[in-house]
Amino acid sequence: MGGSKLELLGGELKNFSSRAICINYDMKTKRKELSFDECMEKIVSPAQREVFLIVDEWWKKYGFSPSLRDIAHQRGKMGLGNTMKIVDRLVALGVLKKLKNKGRSIRPVYINFRNLE
């Protein structure tokens, strides 16, 4: 860091083996989980609504996540690119969650997959 100062807002500075690590505890707060109705209010386009409802119904029926191919097939589409963009937009809106580089990890935010009935 040389002679420069580091100012932290709402965080703390820790020094581990000559490397300074900045931890901002405000960034670690968990987002509020949305309900089904709150998710439906956030969705803008008919395509987004269709994909969200497919994922939601798939989870209710089978108890696991649909693949992108399953979602595209249910929509009557052949290409996966547009379906992937719609899913990514829904993740950015906060109504779906998914793990990066993992198959069948798409789920609505209000479903806790560890406590499924």
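Look above for the structure.
Caption draft 1: Local environment of the overall build of the protein. Within the protein, the secondary structure is distributed over four helices and four strands. Taken over 117 residues, the protein has a buried fraction of 28%. Within the protein, residue pairs in contact and separated by at least 24 positions form 41% of the contacts whose partners lie at least 6 positions apart. Roughly 8,700 Å² of accessible area belongs to the protein as shown, and the carbon and sulfur atoms make up 53% of that amount.

Caption draft 2: Structural detail: the nonpolar core. Counting 18 residues, the largest nonpolar core has Val51, Phe52, Val55, Ile71, Leu90, Val95 and Leu96 as its most contacted members. Among the secondary structure elements, those contributing two or more residues to this core are helix H1 (36–42), helix H2 (46–62) and helix H4 (81–93). In terms of residues, this core owes the most to one element, H2, which gives five residues. Apart from the residues lying within four places of it in its own chain, the contact partners of Phe52 are Phe36, Cys39, Met40, Ile43, Leu90, Val95, Leu96, Pro108 and Tyr110.

Caption draft 3: Up close: the packing of H2 against helix H3 (residues 68–75). Interaxial distance between H2 and H3 falls to 10 Å at its minimum, and their mutual angle equals 120°. In terms of their interaxial angle, H2 and H3 are classed as oblique. H2 and H3 meet at a crossing whose hand is right-handed. Between H2 and H3, the contacting residues are Ala47, Glu50, Val51, Ile54, Val55 and Trp58 on the first element and Asp70, Ile71, Gln74 and Arg75 on the second. Tallied by class, the residues present in the contact of H2 with H3 amount to six nonpolar, one polar and three charged.

Caption draft 4: Unusual backbone geometry, seen in detail. A positive phi angle is found at Asn101, which is not glycine, with a value near 60°. Along the chain, Asn101 turns up in the loop between strand E3 (96–97) and strand E4 (107–108).

Caption draft 5: Molecular detail of H2. The terminal C-alpha atoms of H2 lie 24 Å apart, and with 17 residues this matches the ideal 24 Å at 1.5 Å per residue to within 8%. As for H2, its buried residues are in contact with H1, H3, H4, E3 and E4. Positioned one or two residues after H2, Gly63 has a phi angle of 80°, which is positive.

Calculation notes
Residues numbered from 1 in each chain as written. Predicted model: local features only at pLDDT ≥ 70, side-chain atom pairs only at ≥ 80, totals over all residues. Heavy atoms only, no water. Helix = DSSP H or I, 4+ residues; strand = E, 2+ residues; numbered from the N terminus. Buried < 20%, exposed > 50% of the residue type's maximum accessible area, 1.4 Å probe, protein only. Contact = heavy atoms within 4.5 Å. Areas by Shrake-Rupley, 256 points an atom, 1.4 Å probe, with all protein chains shown as cover. Core = buried A, V, L, I, M, F, W, Y, C linked by side-chain atoms within 4.5 Å. Axes fitted to C-alpha atoms, helices over the stretch in contact; angles between N-to-C directions. Parallel < 35°, antiparallel > 145°, perpendicular 65-115°, else oblique. Left-handed = near helix turned anticlockwise from the far one by under 90°. Nonpolar A, V, L, I, M, F, W, Y, C, P; charged D, E, K, R; others polar. Expected span 1.5 Å × (residues − 1).

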